[in-house]
Amino acid sequence: MLFIALVATSSAESAPDTALIMRQHPGTSFQTDRDTPFHSDAKASHIVAASTKRTEHLSDPNQLESLFNTESLSALLNRRDDALRERDLSAGYFVPAQAFGNLVPQVAPARTWLAKRGYTFQFAYKGEALANVSGGLSKGMSYAHELTLVNNFDLGKLLGLNGWILHGVLMERAGRQISFDHVGERRILLSEVYSLSGHMAAHLADFYVEKSFRHNSININLGRLTLTHTYGTSLLLCTFMIQCSAPVGIKSVQGWSVYPKATWGGTIRLRPTRDLTLRTGVYASSVLTSNPSGWAWGSEKQTGVMLPIELTWEPFIGPRKLPGHYKLGFGHDTSGFTDMIGSVPSSMALRYAVQRPQARDTFYIEADQMIYRSHGLHQMAGGYLMAGYIHNTPQVSVFSDQFYVGTSLLGIIPFRPLDRFGVMYSYYQISKRLTLGQHLLQDAGLPFPAGVNGPQTHTATLEAYYGVPIMPGLLFQPSFEYQMRPGETSVIPNATVIGIKVIGNL
C-alpha cells in the first residue's frame, strides 16, 4: 500500500514529457521492473535526461539484462521491429499517483552530498479523509494518514561491499477505518492508509539487502520483505485505494504479507528474454496481525512457508509501441489452514465432509495495456485498460474468487495533460464453505461471529479518482467509492463514500 520512489525534481508544466521514475515498494509491486524501494538520484536523473530525447535509447538502467538476446511472444507482434530496440520504450513505468518531485527543493544539495557517500532517503506524507454520505451503517467521516521514511544504504560506498544495497522503511500510521466505522464492512478496507498493526509511532516495515549478479542479469533480495509489493501487483493498481498494493483476493490472506507487514525470505529475479521477467522466492508465513511493531522478530510465530512464482510478459504493441504488462502468478502456502465451514456439531462433520487443516494455493492473472498515447515517450504517457482474476483454495480461504476491470486515463481534460482519471469495478466471491458454515449456525440458532450479520455470499466495489498534481511534491486526489452489499449480505444498504487523498514528499 505504500508507493516508494526517489525522483528528480521537475516542473510538470515545463517538462510534460519527462519520465519521472516513481516506484512502488519494494518491487511494485509498483515497478520499474526492479525489486527495490527507489532509485538513486543519479539513476533517476539518467532516466529523466534520456526520456527527454526522443531518438535516444530509453532503457531503464535499473532493468535487468536478458539472459538470451531474443524475445518470446513479442516476436510475433513486431515482426520487423524488436520491442526493445534503441528507439523503443523500456523505461518510464512509474507510480502515476505519486507526488512528483519534492516540496523542499532546498535540501537537494544535502541529498546529493549524502548520495555520493552512500545514503539516499525519501520522507513522505499520505493522508486520506473519507466520508460515508449514504447507505452503510451511518453517515460520518474517518481520517487516516501515514508518514514514511525510506532509507537506502549503498554498502559498496559505506563498507566496500560492492553491489550490495541495504533498504529499510520506517513508518507511522494512525487514524480510523471508514469500512469499520460507518460502512459495516469488515473484510475489505475502503481506505488504503490503515494499518493491520494499529497505531505505531515507528513501525519497521521492509528491511533487506539486494544485489545483482552476472552482469546485472540476476537480482536477489534477502531479509524482511512484503510479498504484495513484489508479487501480484502493479503500479496502476496502486493509483486506487481499495486494490493497493495488490487485489483484495491476494492481500487479504495469510502468506501474501501486505504492507506494512513484512516477513523473512527472499526473491530471485531474472529476465530469460527481453520481454519476459521471472521472479520466485521462499518466505516464512505467519499471521498478518503478528508482530504489530515490526521489531519483535523473536515473537513472530511462523506457521509454514510461502512459495510464490510470477512470470511477466511486457510487449510493445503496434506502430506507436503501446506497452502492456501481463502477469501470471501462483503461490503455495504450506501452513495448515482450518476448513472455512468452521465448528459444526460432530453429527454434521461427516455429512459435510469437514476437512483437516490443509495448505492454500493462490492463482492469479493480471493485465494492463496502454490504449492511447497522449504525450511523451514514457510508459505512463497515456491511458490504460486493466483487468485481473484471482482464485484461492475455497476450502480454506475467505475470498475464493475476485475479478476486477478498470481503466487509468491520462490527460482527458484539455489543458490538464498530467491529470489522471481512474475507475475500477471489482467483484468478490465469498467461499461457499464459509457460507455453508454460516447457514448451519443460523439453522442451529447459534450467533454469528462478530461483524457478521447473516450468511455471506458476495460483494462488489466501484472506485473512481481524479489525480491532480498541484506542484512538485504535492498531489491532490478526490475519490469516489460505492460498495454493493456491505458485509457481503443484503442486510446493510449499499454505501456511497467520497473523499480526498493528499500525498506530499519532503
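The coordinates are above.
> In this structure, what is going on with the overall build of the protein chain? I would like to understand it.
From N to C terminus, the protein chain includes eight helices and 17 strands. Per-residue burial over the protein chain gives 58% buried out of 506 residues. If you sum the accessible surface of the protein chain, you get close to 19500 Å²; carbon and sulfur atoms cover 65% of it.

> Sorry if this is basic, but what is going on with the state of the cysteines here?
Two cysteines whose sulfur atoms are joined by a covalent bond form what is called a disulfide. What the rule picks out here adds up to one disulfide. Note that Cys238 is cross-linked by a disulfide to Cys244, the S-S spacing being 2.2 Å. On the sign convention where negative means left-handed, the S-S torsion of about 85° between Cys238 and Cys244 marks this disulfide as right-handed. Residue Cys238 is classed as buried on the basis of its relative accessible area, which comes to 0%.

> Help me out: how do you make sense of the layout of surface pockets in this one?
In this approach the atoms are scanned with a rolling probe the size of a water molecule, which exposes any empty space left behind. One number sums up the size of the largest pocket: a volume of about 780 Å³. What lines the largest pocket is a set of 28 residues, among which Arg187, Ser252, Val253, Leu288 and Val398 lie closest to the centre. Each residue belonging to the lining of the largest pocket can be placed in one class, and the counts come to 17 nonpolar, six polar and five charged.

> Explain helix H8 (residues 432-443) to me, please; I cannot follow it from the model alone.
Quick reminder: α-helices carry 3.6 residues per turn. Residues three or four places apart thus point the same way. Between its first and last C-alpha atoms H8 spans 16 Å; for twelve residues at 1.5 Å apiece the expected length is 16 Å, and the two agree. Those residues of H8 lying buried are Arg433, Leu434, Thr435, Gly437, Gln438, Leu440 and Leu441. The N-cap of H8, judged by a side-chain oxygen 3.2 Å from the amide nitrogen of Arg433 a few residues on, is Ser431. Remark: Gly445 follows H8 within two positions and exhibits a positive phi of approximately 75°.

> Can you help me understand a nonpolar patch on the surface in this one?
A cluster of nonpolar side chains, Ile309, Leu311, Leu328, Phe330, Phe363 and Ile365, forms an exposed patch at the surface whose accessible area comes to about 480 Å². Among the secondary structure elements, Ile309 is positioned in strand S8 (residues 302-313).

> Any chance you could explain the pattern of salt bridges here in plain terms?
Side-chain pairs of opposite charge can arise where the charged atoms are in close proximity. Overall, the coordinates contain 13 salt bridges when judged by the stated rule. Between Lys501 and Glu128 there is a salt bridge whose closest N-O contact spans 3.7 Å. With Lys501 in strand S17 (residues 495-505) and Glu128 in strand S1 (residues 119-134), this pair connects stretches of sequence that are 373 residues apart. We note that Lys501, like Glu128, is buried. With a closest N to O distance of 2.8 Å, Arg433 and Asp339 form a salt bridge. A residue pair is termed long-range when its members are at least 10 positions apart, and Arg433 in helix H8 and Asp339 in the loop between strand S10 (322-337) and helix H7 (346-349) qualify at 94 residues. For Arg433, a relative accessible area of 16% corresponds to the buried category. Overall, Asp339 belongs to the buried group, its relative accessible area being 7%. Via salt bridges that share partners, Lys126, Glu128, Glu146, Arg173, Glu192 and Lys501 belong to a single interconnected network.

> What should I look at first to understand unusual backbone geometry in this one?
In terms of backbone geometry, most residues other than glycine have negative phi values and most peptide bonds are trans. That bond from Cys244 to Ser245 is cis: its omega, 5°, falls within 30 degrees of zero. Looking at the element boundaries, Ser245 is found in the loop between strand S5 (218-225) and helix H6 (248-251). The step from Tyr259 to Pro260 runs through a cis peptide bond, and the omega angle for that step is 5°. Mapping Pro260 onto the fold places it in the loop between H6 and strand S6 (263-270). If you check the backbone angles, His215 has positive phi at about 55° while not being a glycine. By secondary structure assignment, the location of His215 is in the loop between strand S4 (200-213) and S5. Classification of His215 by relative accessible area gives exposed; the value is 77%. Of note, the phi angle at Phe415 is positive, near 70°, even though the residue is not glycine. Mapped onto the elements of the fold, Phe415 is located in the loop between strand S13 (399-410) and strand S14 (420-430).

Calculation criteria
Residues numbered from 1 in each chain as written. Predicted model: local features only at pLDDT ≥ 70, side-chain atom pairs only at ≥ 80, totals over all residues. Heavy atoms only, no water. Helix = DSSP H or I, 4+ residues; strand = E, 2+ residues; numbered from the N terminus. Buried < 20%, exposed > 50% of the residue type's maximum accessible area, 1.4 Å probe, protein only. Areas by Shrake-Rupley, 256 points an atom, 1.4 Å probe, with all protein chains shown as cover. Disulfide = S-S within 2.5 Å. 1 Å grid on protein atoms, 1.4 Å probe; cavity = no way out; pocket = protein on both sides within 12 Å on 5 of 7 lines; lining within 4 Å. Points joined across faces, edges and corners; volume = space filled by probe spheres on them. Nonpolar A, V, L, I, M, F, W, Y, C, P; charged D, E, K, R; others polar. Expected span 1.5 Å × (residues − 1). Polar contact = N/O pair within 3.5 Å; in protein donor to acceptor, adjacent residues only side chain to side chain. Patch = residues over 30% accessible without salt bridge, like charges linked within 9 Å, V, L, I, M, F, W, Y side chains within 5 Å. Salt bridge = Lys/Arg side-chain N within 4 Å of Asp/Glu carboxyl O.

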